[in-house]
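Each chain, letter by letter, is given below.
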Amino acid sequence: MTTSEVPAPVSVLPGVTATGAPRGIDDATLDRITSNLLGPIPGAAAPESAGTAALTAARTTSPLASTSGLPGPTAGVSSAATPFPGAPIPAAPYLDEAIHQSQIPAPASIAAAAAQTAAPGAATSVAPSSAAIPASPYFDAGIHQSQIPAPSSVAAAAPATGITEAAAGPIDWSPPLPANVEIHDGSLPRLFDDAPLSGKPPQDGAPSYYFLTPILATRPEAAAPAAPFQRRLFDVNDIRRDFPILEERVHGKRLVWLDNAATTQKPQAVIDRLVHYYSHEYSNVHRAAHELAARSTDAYESAREKVQRFIGAGSAEEIVFVRGTTEAVNLVAASYGRKFLGEGDEIVLSTLEHHSNIVPWQFLAEQVGAVIRVVPVTDRGEVLLSDFERTLTTRTKFVSLTHVSNALGTILPVREMIDIAHRRGAKVLIDGAQAVSHFPVNVQSLDADFYAFSGHKLFGPSAIGVLYGKKALLDEMPPWQGGGNMIQRVTFEHSTFADPPSRFEAGTAALGPAVGLGAAVDYLERIGMQNVATHERALLAYATEALARIPGVRLIGTAPEKAGVVSFITDKIPAEEMGKILDQDGIAVRAGHHCAQPTMDRFGLEATVRPSLALYNTHDEIDQLERAVRRALQK
Ligand code: PMP
C-alpha cells in the first residue's frame with residue numbers, strides 16, 4: 001500500500017466501535033451531555049463546600065522565599081558558570097495570600113445535579129440565560145478557589161513522614177496526589193466516569209455519575225487524622241502574577257488566554273532566565289575553551305539534566321534537544337525508521353494524531369515500502385485497547401501515538417498500549433506535546449521507547465523541544481542530519497559520529513531556548529505537576545459543564561479521560577466565526593482543524609472551536625467564555 005492509500009481512519013479498520021466506552025458514563029447520559037439536553041445544575045447557590053471552613057483557618061508562608069531554584073554549576077561540566085544571581089525569584093505561586101477553599105463540589109449540589117442527570121424530564125429543561133448562569137458547585141461567595149482538597153483528605157494523603165510547617169530543609173514540591181485521587185503516570189482521574197476510584201467502592205452517599213464524580217472525595221480512611229505536614233497550596237492568582245502577558249488587554253478587554261494547546265505563555269522566571277543568559281553567559285557551546293563557552297555549556301547541559309529529571313529519564317544522554325515535537329518525530333522516522341523498517345512492515349497510528357505524527361511516517365512508508373495502519377476512535381473520541389490490539393499484526397514494527405489529543409483532549413491509555421505493543425515486539429513513540437504541561441509524566445514507568453514534546457507548549461521558548469529515547473535505541477540509530485557537533489572524526493573519505501545525544505544535534509543548537517526550557521521546568525517543579533493536574537482537572541470539568549449546558553453547543557470529544565481541551569461546535573455559528581467573535585471579547589481560542597484533519601474527518605467536521613487550558617486559567621475565565629458563547633448564540 002502506498003501512503004496515498006493510507007486507510008481513512010474509520011472505515012477501513014476492523015473493530016470500529018461506534019458507541020460507548022466499556023466503563024463509566026452510560027450512553028444515554030452522554031448523549032444528553034453531548035447534545036446539550038442537560039439542563040442547568042440545580043443547587044446553584046452552592047452551599048459552602050466541605051473543606052472551606054477548615055481551610056480558611058489554615059494559612060502558611062511559602063518556603064520558596066528561601067529557595068532559589070536557580071541553576072548552579074553542573075557536575076561534570078565547567079564550574080566556571082555563574083549561578084544566575086540576577087534573576088528575581090518569582091512570587092511563590094503557592095503562597096497563601098487569599099483564602100483557599102476546596103474545589104470539592106458541595107455535597108448538596110452534587111446530589112441535586114445527580115438527580116438532574118438521572119431524571120429524564122431534566123433533559124429537556126431550558127438552560128439559563130447569560131444573566132442567570134447558575135453558580136457551579138465550585139463557586140463560592142463570588143470567589144473562585146484553588147483546587148486543593150479539603151484538609152482532611154490532604155492530610156490523609158501526606159506521607160507518613162509528612163513535612164511539617166516547621167521542617168527545615170528542602171520541601172518536596174512534587175508531592176503525591178491525595179491518596180484518593182487515582183493518577184497513573186500520565187493519566188488523570190477520569191472525567192466522564194463513575195467507576196469507583198482504585199477499585200474501592202465509593203463512600204456511602206457519594207454520587208455516582210459523570211464528571212461530577214467526587215474527584216477529591218475522601219475514602220473512609222482518608223478522614224482519619226494524620227500527621228501535620230506542609231500544605232502545598234496552589235493559588236491560581238499568584239500563578240497568574242508570574243505571567244506578565246496575562247495583564248495584557250486585547251480589543252480593550254483583559255486577555256483570556258485559552259489557546260494553550262497551540263502554545264503557552266511564559267512566566268517571568270523564564271523571561272528573566274533568558275535575559276540573564278544573554279547578558280552574562282552567552283557563547284556557543286562545547287568547543288571554545290574560554291569562560292563564556294564554559295558558562296554557556298553549563299547552562300545548556302544543565303537544562304538537559306532538568307528535562308531528564310522532569311520526565312524521569314534514566315540519564316541526560318537520553319535527552320536530545322530538537323526544534324520541537326515535529327522535529328523529534330521526523331528524527332525517529334528518518335533515523336530509526338529507515339534503519340529498522342522495510343517493505344511490508346507496519347506502522348500503527350491512532351486516528352487522533354496531529355499531522356506531525358502522521359506525515360513523517362508517510363514519508364518513511366513511501367521510502368521503505370512500509371504500511372500505515374490506523375486505530376479507530378469511538379464517538380466519544382476514545383481509543384479502545386481492544387481496537388488497538390486488533391490493529392496490531394505480526395508485521396507491526398512501530399507504533400506512534402499521541403499521549404493527549406490536541407483536538408479533543410482525549411488521554412490515550414498509553415502505558416497499556418505500550419505494554420501491548422512491546423509484547424508484539426514493536427517499538428513505541430509517544431507524542432507528549434499536549435501531555436507534559438498538564439500532568440506528571442515518567443517515561444520510564446510508561447516504558448516509552450521514545451517520547452517527544454515541545455518547549456513552547458511547556459511555558460518555555462519556541463524552537464526548542466525534546467526527544468527522549470532509550471539509550472540502547474539511540475545508540476543503534478544513525479545520525480539523520482550531518483554537520484558540526486555530531487561528529488567524532490571527519491575526513492573526506494569517511495566520517496565517524498559522536499555518541500547520543502550529540503549525534504542527533506548537528507549544528508549550533510537552540511541554546512537560549514534550551515536554557516529557557518530548563519527554567520520553565522524549574523518553575524513547574526516548584527509548583528508541582530500534581531498540583532497543576534489537580535487544578536486543571538477541576539477546571540476542565542467546570543468548563544465541560546459550562547459549555548455543555550449552553551443550548552446549541554455540542555461538545556466534540558467526551559472521552560472518560562481527558563486533559564486540557566474542550567472542543568465544541570454550535571448549531572448556528574461556524575467555528576472560525578465563533579473564534580473571531582470570542583476574540584472581540586478578549587478570549588483567545590483556536591478555531592479550525594487543529595492540524596488534526598483525520599480527527600475532524602472522523603466526526604464529519606471541518607473545524608471545531610477549541611478552548612484549551614493551562615495552570616493559570618481560572619473559573620472566572622470559563623464563566624467569561626460561557627457568557628461570550630451564549631451572547632453570540634443569542635444574537
Ligand atoms: N503533536 C501534538 C499533539 C501537538 O498538539 C502539536 C502542536 N500543536 C504537535 C505535535 C507539533 O508541535 P510543534 O509544532 O511544536 O512541533
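Residues numbered from 1 in each chain as written. Predicted model: local features only at pLDDT ≥ 70, side-chain atom pairs only at ≥ 80, totals over all residues. Heavy atoms only, no water.

Trainee: What's the story with the overall build of the protein in this structure? I'm lost.
Mentor: Regarding its fold elements, the protein presents 18 helices and 19 strands. The buried share of the protein, reckoned over its 635 residues, is 59%. A sequence separation of at least 24 residues applies to 77% of the contacts in the protein between residues at least 6 apart. Total accessible area on the protein stands at roughly 23100 Å², and carbon and sulfur atoms take up 56% of it. (Helix = DSSP H or I, 4+ residues; strand = E, 2+ residues; numbered from the N terminus. Buried < 20%, exposed > 50% of the residue type's maximum accessible area, 1.4 Å probe, protein only. Contact = heavy atoms within 4.5 Å. Areas by Shrake-Rupley, 256 points an atom, 1.4 Å probe, with all protein chains shown as cover.)

Trainee: Can you walk me through the packing of aromatic side chains in this structure?
Mentor: Two aromatic rings are characterised by how far apart their centres lie and by the angle between their planes. With the rule as written, the count across this model stands at 13 aromatic pairs. Centroid distance Phe 243 to Phe 459: 6.0 Å. Interplanar angle 70°. Geometry classified as edge-to-face. Taken together, the residues Phe 243 in the loop between α5 (236-241) and β3 (249-250) and Phe 459 in the loop between β11 (450-454) and β12 (465-469) connect sequence positions 216 residues apart. Note on Phe 459: relative accessible area 0%, which makes it buried. Plain terms: the ring middles of Tyr 336 and Phe 340 are 4.5 Å apart, the flat faces sit at 35° to each other, and that makes the pair tilted. Linking Tyr 336 with Phe 340, this pair stays in helix α8 (residues 325-340), spanning four residues, or about one helical turn. Classification of Tyr 336 by relative accessible area gives buried; the value is 7%. Members of the aromatic cluster, each reached through a chain of ring pairs, are Tyr 336, Phe 340, Trp 361, Phe 398 and Phe 450. The ring of Phe 603 is capped by Arg 602, whose NZ or CZ atom sits 5.2 Å from the centre of that ring. (Phe/Tyr/Trp six-rings, centres within 6.5 Å; stacked < 30°, edge-to-face > 60°. Lys NZ or Arg CZ within 6 Å of the ring centre and 35° of its normal.)

Trainee: How should I be thinking about α8 in this particular structure?
Mentor: For an α-helix, the turn length of 3.6 residues means that residues three or four places apart are oriented alike. With 16 residues, α8 should cover 22 Å at 1.5 Å per step; its first-to-last C-alpha distance of 21 Å lies within 8% of that length. If you check which residues of α8 are buried, you get Thr 325, Glu 327, Ala 328, Val 329, Leu 331, Val 332, Ala 333, Ala 334, Ser 335, Tyr 336 and Gly 337. (Expected span 1.5 Å × (residues − 1).)

Trainee: Would you mind going over the site of the ligand with me for this structure?
Mentor: In the vicinity of the ligand there are 13 residues, among which Thr 326, Asp 431, Gln 434, Ser 454 and Lys 457 approach most closely. The backbone of Thr 325 places a nitrogen or oxygen atom 3.3 Å from an oxygen atom of the ligand. In isolation the ligand exposes 400 Å². Once the protein is present, 86% of that is buried. Looking at side-chain class alone, the shell around the ligand contains one nonpolar, ten polar and two charged residues. (Near = heavy atom within 4 Å. Polar contact = N/O pair within 3.5 Å; in protein donor to acceptor, adjacent residues only side chain to side chain. Nonpolar A, V, L, I, M, F, W, Y, C, P; charged D, E, K, R; others polar.)

Trainee: Explain the nonpolar core to me, please; I cannot follow it from the model alone.
Mentor: Soluble globular proteins tend to bury their nonpolar side chains together. In this structure, Ile 311, Phe 321, Phe 388, Val 399, Tyr 451, Leu 615 and Tyr 616 are the most contacted members of the largest nonpolar core, which totals 80 residues. Take this core: its biggest share by element is ten residues, from helix α14 (residues 511-527). Residue assignment places this core across two domains, with domain 2 (233-257 + 529-635) and domain 3 (273-525) each supplying three or more. Beyond its immediate sequence surroundings of up to four residues, Ile 311 is in contact with Ile 319, Val 436, Val 441, Asn 442, Val 443, Phe 453 and Tyr 468. Membership of the second largest hydrophobic core comes to 29 residues, among which are Val 256, Leu 540, Ala 546 and Leu 625. (Core = buried A, V, L, I, M, F, W, Y, C linked by side-chain atoms within 4.5 Å. Domains from an automatic or database assignment.)

Trainee: What exactly am I supposed to notice about the pairing of strand β16 (residues 567-570) here?
Mentor: Residues in a regular strand project their side chains so that they alternate between the two faces of the sheet. Side-chain alternation along β16 places Ser 567 and Ile 569 on one buried face and Phe 568 and Thr 570 on a second face that is also buried. Two strands pair when backbone bridges link them, and strand β15 (residues 553-556) and β16 are joined in this way by four bridges, in the antiparallel orientation. Following the sheet pairing, Leu 555 is matched in β16 by Phe 568. (Pairing = 2+ DSSP bridges.)

Trainee: Whenever I open this one, the sheet that holds β12 confuses me. Can you help?
Mentor: Paired through their backbone hydrogen bonds, the strands of a sheet run either parallel or antiparallel. With respect to topology, seven strands assemble into an open sheet ordered β6-β12-β11-β10-β9-β7-β8, the strand pairing being mixed. Across the chains shown, the open sheet's two edge strands, defined by having one partner strand only, are β6 (319-322) and β8 (371-375). Adjacent strand axes in the sheet meet at a mean angle of 20°, parallel and antiparallel pairs treated alike. Direction of pairing for strand β9 (residues 396-402) relative to strand β10 (residues 427-431): parallel, over a ladder of five bridges. For Ser 400, the partnering residue across the bridge sits in β10 and is Leu 429. (Axes fitted to C-alpha atoms, helices over the stretch in contact; angles between N-to-C directions.)

Trainee: Quick question: what am I supposed to make of helix α15 (residues 529-548) here?
Mentor: For α15, built from 20 residues, the straight-helix expectation of 28 Å at 1.5 Å per residue is met to within 8% by its first-to-last C-alpha distance of 28 Å. With 20 of 20 residues buried, α15 is to be regarded as a mostly interior element.

Trainee: I tried to follow the packing of α15 against helix α18 (residues 619-634) on my own but got confused; where do I start?
Mentor: When two helices pack together, their arrangement is given by the angle between the helix axes and by the axis-to-axis distance. The N-to-C vectors of α15 and α18 enclose an angle of 15°; their axes lie 10 Å apart at closest approach. Classified by the angle their axes make, α15 and α18 are roughly parallel. Classified by chirality, the crossing of α18 by α15 is right-handed. Contact residues: α15 offers Ala 538, Leu 539, Tyr 542, Ala 543, Ala 546 and Leu 547, while α18 offers His 619, Ile 622, Asp 623, Leu 625, Glu 626 and Val 629. Classifying every residue of the contact of α15 with α18 gives nine nonpolar, one polar and two charged. (Parallel < 35°, antiparallel > 145°, perpendicular 65-115°, else oblique. Left-handed = near helix turned anticlockwise from the far one by under 90°.)

Trainee: Hey, could you run me through the pattern of salt bridges in this one?
Mentor: Inspection of the entire model under this criterion finds 23 salt bridges. Between Asp 238 and Arg 241 there is a salt bridge, with the nearest N and O atoms lying 2.2 Å from each other. Here the residue Asp 238 and the residue Arg 241 both occupy positions in helix α5, the gap between them amounting to three residues, near one helical turn. The partner of Arg 304 in a salt bridge is Glu 505, and the shortest N-O contact between them spans 2.8 Å. Residue Arg 304 is found in helix α7 (residues 291-311), and its partner Glu 505 is found in the loop between β14 (495-497) and α14; the two are separated by 201 residues along the sequence. For the residue pair Arg 304 and Glu 505, the accessibility class agrees, reading buried in each case. (Salt bridge = Lys/Arg side-chain N within 4 Å of Asp/Glu carboxyl O.)

Shape descriptors only; they carry no functional weight alone.
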